[in-house]
Amino acid sequence: MVADLLRIQMLSAARPGEIRVMRPRDLDRTDPHCWIFRPSQHKNHWRGQERTIVLNAMAIQRLSPWMVGLTDDEYVFNPTRVRRQKEEENS
(Lines give C-alpha, C1' and ligand atoms only; values in the text may rest on other atoms or scores of the structure.)
Protein backbone atom coordinates (compact mmCIF):
# COMPACT_ATOMS: atom_id res chain seq x y z
CA MET A 1 0.00 0.00 0.00
CA VAL A 2 2.73 2.46 0.95
CA ALA A 3 4.63 1.81 -2.27
CA ASP A 4 1.55 2.55 -4.40
CA LEU A 5 0.74 5.62 -2.32
CA LEU A 6 4.26 6.99 -2.88
CA ARG A 7 4.27 6.09 -6.57
CA ILE A 8 0.96 7.89 -7.14
CA GLN A 9 2.29 10.88 -5.25
CA MET A 10 5.36 11.02 -7.48
CA LEU A 11 3.36 10.54 -10.69
CA SER A 12 0.87 13.27 -9.83
CA ALA A 13 3.05 15.79 -7.94
CA ALA A 14 0.49 15.70 -5.13
CA ARG A 15 1.36 16.44 -1.54
CA PRO A 16 1.54 13.46 0.84
CA GLY A 17 -1.45 14.60 2.86
CA GLU A 18 -3.58 14.98 -0.25
CA ILE A 19 -3.02 11.42 -1.42
CA ARG A 20 -3.51 10.04 2.09
CA VAL A 21 -7.04 11.49 2.34
CA MET A 22 -8.15 10.58 -1.19
CA ARG A 23 -11.71 9.28 -1.47
CA PRO A 24 -13.62 8.07 -4.54
CA ARG A 25 -15.97 11.04 -4.32
CA ASP A 26 -13.00 13.39 -4.84
CA LEU A 27 -12.17 11.80 -8.22
CA ASP A 28 -13.59 12.75 -11.61
CA ARG A 29 -13.31 9.50 -13.57
CA THR A 30 -15.24 10.50 -16.70
CA ASP A 31 -12.12 10.11 -18.86
CA PRO A 32 -10.76 6.57 -18.38
CA HIS A 33 -7.23 7.68 -19.33
CA CYS A 34 -6.97 10.80 -17.16
CA TRP A 35 -8.66 11.19 -13.78
CA ILE A 36 -8.96 14.50 -11.98
CA PHE A 37 -8.51 14.52 -8.20
CA ARG A 38 -9.91 17.49 -6.29
CA PRO A 39 -9.07 17.07 -2.60
CA SER A 40 -11.71 18.46 -0.25
CA GLN A 41 -8.97 19.67 2.13
CA HIS A 42 -5.62 21.02 1.04
CA LYS A 43 -2.96 23.60 1.85
CA ASN A 44 -4.80 26.63 0.43
CA HIS A 45 -8.37 25.54 1.14
CA TRP A 46 -8.72 28.26 3.75
CA ARG A 47 -8.10 30.84 0.99
CA GLY A 48 -10.97 29.52 -1.07
CA GLN A 49 -8.68 28.06 -3.74
CA GLU A 50 -9.45 24.80 -5.49
CA ARG A 51 -6.70 22.21 -5.95
CA THR A 52 -6.75 20.07 -9.07
CA ILE A 53 -4.42 17.08 -9.44
CA VAL A 54 -4.20 15.17 -12.71
CA LEU A 55 -3.77 11.40 -12.50
CA ASN A 56 -2.30 9.88 -15.66
CA ALA A 57 -2.69 6.30 -16.89
CA MET A 58 0.22 5.03 -14.77
CA ALA A 59 -1.25 6.55 -11.61
CA ILE A 60 -4.70 5.18 -12.46
CA GLN A 61 -3.19 1.71 -12.91
CA ARG A 62 -1.70 1.87 -9.39
CA LEU A 63 -4.82 3.40 -7.85
CA SER A 64 -7.56 1.22 -9.38
CA PRO A 65 -6.98 -1.95 -7.30
CA TRP A 66 -7.26 0.05 -4.08
CA MET A 67 -10.69 1.39 -5.07
CA VAL A 68 -12.41 -1.97 -5.49
CA GLY A 69 -15.44 -2.23 -3.19
CA LEU A 70 -15.12 1.25 -1.68
CA THR A 71 -18.02 3.54 -0.96
CA ASP A 72 -17.68 7.18 -2.04
CA ASP A 73 -16.76 8.30 1.48
CA GLU A 74 -14.10 5.69 2.32
CA TYR A 75 -10.44 6.62 2.17
CA VAL A 76 -8.60 4.80 -0.61
CA PHE A 77 -5.43 4.29 1.43
CA ASN A 78 -6.80 3.04 4.73
CA PRO A 79 -4.31 0.88 6.67
CA THR A 80 -7.04 -0.55 8.91
CA ARG A 81 -8.97 -1.88 5.91
CA VAL A 82 -5.80 -3.43 4.44
CA ARG A 83 -4.90 -5.07 7.76
CA ARG A 84 -8.43 -6.48 8.06
CA GLN A 85 -8.29 -7.91 4.51
CA LYS A 86 -4.93 -9.59 5.21
CA GLU A 87 -6.29 -11.11 8.42
CA GLU A 88 -9.30 -12.48 6.52
CA GLU A 89 -7.01 -13.97 3.86
CA ASN A 90 -4.86 -15.70 6.51
CA SER A 91 -7.78 -17.24 8.41
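Cut-off values and rules
Residues numbered from 1 in each chain as written. Predicted model: local features only at pLDDT ≥ 70, side-chain atom pairs only at ≥ 80, totals over all residues. Heavy atoms only, no water. Pairing = 2+ DSSP bridges. Helix = DSSP H or I, 4+ residues; strand = E, 2+ residues; numbered from the N terminus. Salt bridge = Lys/Arg side-chain N within 4 Å of Asp/Glu carboxyl O. Buried < 20%, exposed > 50% of the residue type's maximum accessible area, 1.4 Å probe, protein only.

Chemist: How would you explain the sheet that holds strand E3 (residues 53-55) if you had to name every residue and give the values?
Modeler: Whether parallel or antiparallel, the strands of a sheet pair through hydrogen bonds between backbone atoms. Pairing in this open sheet of three strands is antiparallel, and the strands run E1-E2-E3 from one edge to the other. Each edge of the sheet is formed by a strand with only one pairing partner; in this case those strands are strand E1 (27-28) and E3. Bridge count for strand E2 (residues 35-37) against E3 is three bridges, and the pairing is antiparallel. If you follow isoleucine 36 over to E3, its bridge partner there is valine 54.

Chemist: I'd like to hear about the pattern of salt bridges, residue by residue, with values.
Modeler: Summed over the entire model, instances satisfying the criterion amount to six salt bridges. We note a salt bridge from arginine 62 to aspartate 4, for which the minimum N-O separation is 2.9 Å. Of this pair, arginine 62 sits in helix H3 (residues 57-63) while aspartate 4 sits in helix H1 (residues 2-12); the two residues are 58 residues apart in sequence, bridging distant segments of the chain. Residue classification places arginine 62 among the partly exposed residues on the basis of a relative accessible area of 32%. For arginine 51, the salt bridge is made with glutamate 18, and the minimal N-O distance between the two is 2.8 Å. Taken together, the positions of arginine 51 in the loop between E2 and E3 and glutamate 18 in helix H2 (residues 16-20) put the pair 33 residues apart, joining distant regions of the chain. Residue glutamate 18 is classed as buried on the basis of its relative accessible area, which comes to 3%.

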